[in-house]
Amino acid sequence: MSSNSSPQQQGPAARQAAMAELVLADGSATAAELAERFGVSLMTIHRDLDELERQGIVRKFRGGVTAQPSGVFESNVQYRLKTMRPEKAAVAEQALKHIEPGMAILLDDSTSTLEIARRLRLGEITPLTVVTNFLEAINLLSDQRGIHLMALGGDYDPLHSSFLGVSCVEAVGQLRVDVCFASTSAVHGGYAYHQEQHIVSVKRAMLDAAARNVLLIDHTKLGRVALHRVVPLSRFDLLLVDEGASQEALRDLDEHKVRYEVCVTKGGHDGTGAT
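Residues numbered from 1 in each chain as written. Predicted model: local features only at pLDDT ≥ 70, side-chain atom pairs only at ≥ 80, totals over all residues. Heavy atoms only, no water.

### Some details on the pattern of salt bridges
All chains considered together, the criterion is met by ten salt bridges. Among the salt bridges present, the one from R121 reaches D143, with a minimum N-O distance of 3.3 Å. Here the residue R121 occupies a position in the loop between α7 (111-120) and β5 (128-132), and D143 occupies one in the loop between α8 (135-141) and β6 (147-151), the gap between them amounting to 22 residues. Accessibility expressed as a relative area gives 35% for R121, which makes it partly exposed. As a salt-bridge pair, R235 and D208 come within 2.9 Å of each other at their nearest N and O atoms. Note that R235 is positioned in the loop between β13 (228-232) and β14 (238-242) and D208 in helix α10 (residues 197-208), a separation of 27 residues in sequence. Three or more residues are tied together by salt bridges with common partners; here these are R85, E93, E115, R118 and R119. (Salt bridge = Lys/Arg side-chain N within 4 Å of Asp/Glu carboxyl O. Helix = DSSP H or I, 4+ residues; strand = E, 2+ residues; numbered from the N terminus. Buried < 20%, exposed > 50% of the residue type's maximum accessible area, 1.4 Å probe, protein only.)

### A closer look at the packing of aromatic side chains
Applying the stated criterion across every chain, the model contains two aromatic pairs. A ring pair is formed by Y156 and F163, whose centres lie 5.3 Å apart and whose planes are at 55 degrees; its orientation type is tilted. Among the residues examined, Y156 registers a relative accessible area of 40% and is labelled partly exposed. The ring of Y191 carries R229 above its face, with NZ or CZ at 3.7 Å from the centroid. (Phe/Tyr/Trp six-rings, centres within 6.5 Å; stacked < 30°, edge-to-face > 60°. Lys NZ or Arg CZ within 6 Å of the ring centre and 35° of its normal.)

### As for the side chain of H98
Inspection of the secondary structure puts H98 in the loop between α6 (85-96) and β4 (104-107). In this view, H98 contacts M103, V179, F181, R212, L238 and E261; residues no more than four positions away in its chain are not counted. (Contact = heavy atoms within 4.5 Å.)

### Some details on the packing of helix α3 (residues 31-38) against helix α4 (residues 42-54)
Across the interface, α3 lies against α4 with an axial gap of 9 Å and an inter-helix angle of 110 degrees. Looking at the two axes, α3 sits roughly perpendicular to α4. Within the contact between the two elements, α3 uses A31, A32, L34 and A35 and α4 uses L42, I45, H46 and L49. Across the contact of α3 with α4, the residue classes tally to seven nonpolar, one polar and no charged. (Axes fitted to C-alpha atoms, helices over the stretch in contact; angles between N-to-C directions. Parallel < 35°, antiparallel > 145°, perpendicular 65-115°, else oblique. Nonpolar A, V, L, I, M, F, W, Y, C, P; charged D, E, K, R; others polar.)

### Topic: unusual backbone geometry
Most of the time, phi is negative for any residue but glycine, and the peptide bond is trans. Cis rather than trans, the peptide bond between T126 and P127 has omega equal to -5 degrees. Tracing the sequence through the fold places P127 in the loop between α7 and β5. Even without glycine at this site, S161 takes up a positive phi of about 55 degrees. For K257, which is not a glycine, the phi torsion comes out positive at approximately 55 degrees. You can call K257 exposed: its relative accessible area is 68%.

See below:
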């Protein structure tokens, strides 16, 4: 039995799972490519893709499907977990320098802040209170000694693997933390942007609940916009970005008087900047 025919013979659910894994790994695919790969008709492929889109795993476009974000749609969390890992790791390492024992910190539902949670598992910064609505981070830190974990409730959103909605916003509003670490989909012209309104409301509440705010982004988000403005970059005390940021993008930050630090990926060159 070939690997191409196996998902087909196992049934639609197995085929759709294999298809999702393929698109999440490659970023995008055409319907024709998928039909040939899985040995089924284009009509069957489109039915499968309709189901994967309904689940929020992929987004259809004319002739194919993508897991990549756009100005209107955010990527599925499983895709985001696979992308820009060295850059996110570099930014998270720098973020740790702004965390001290005894602090209460807030992590949003971004895969950038998840890299902070991975490092907090080492137990080198304790005692610490961590507040988050991100199920991935909750699962990482739930058994960590020295960390008081506060999970924010709300409506569970499988696309983001996080708890959102009015009840989450209200829960955040009852808290006051030392630092909020957050990410966003795009940064341009002195503003942070995100594709989805219900995410924006939670991020704004988180920023309001913190004494200091730190924005974590990888360089691909600079110079991009999305549908909704989140907040002006002046709301952040510091922006952390990896060294892939272009000089043009950094000049834009300088022009808007954004304090930033350029974080070194493994094997990279040192560089920081601030205004």
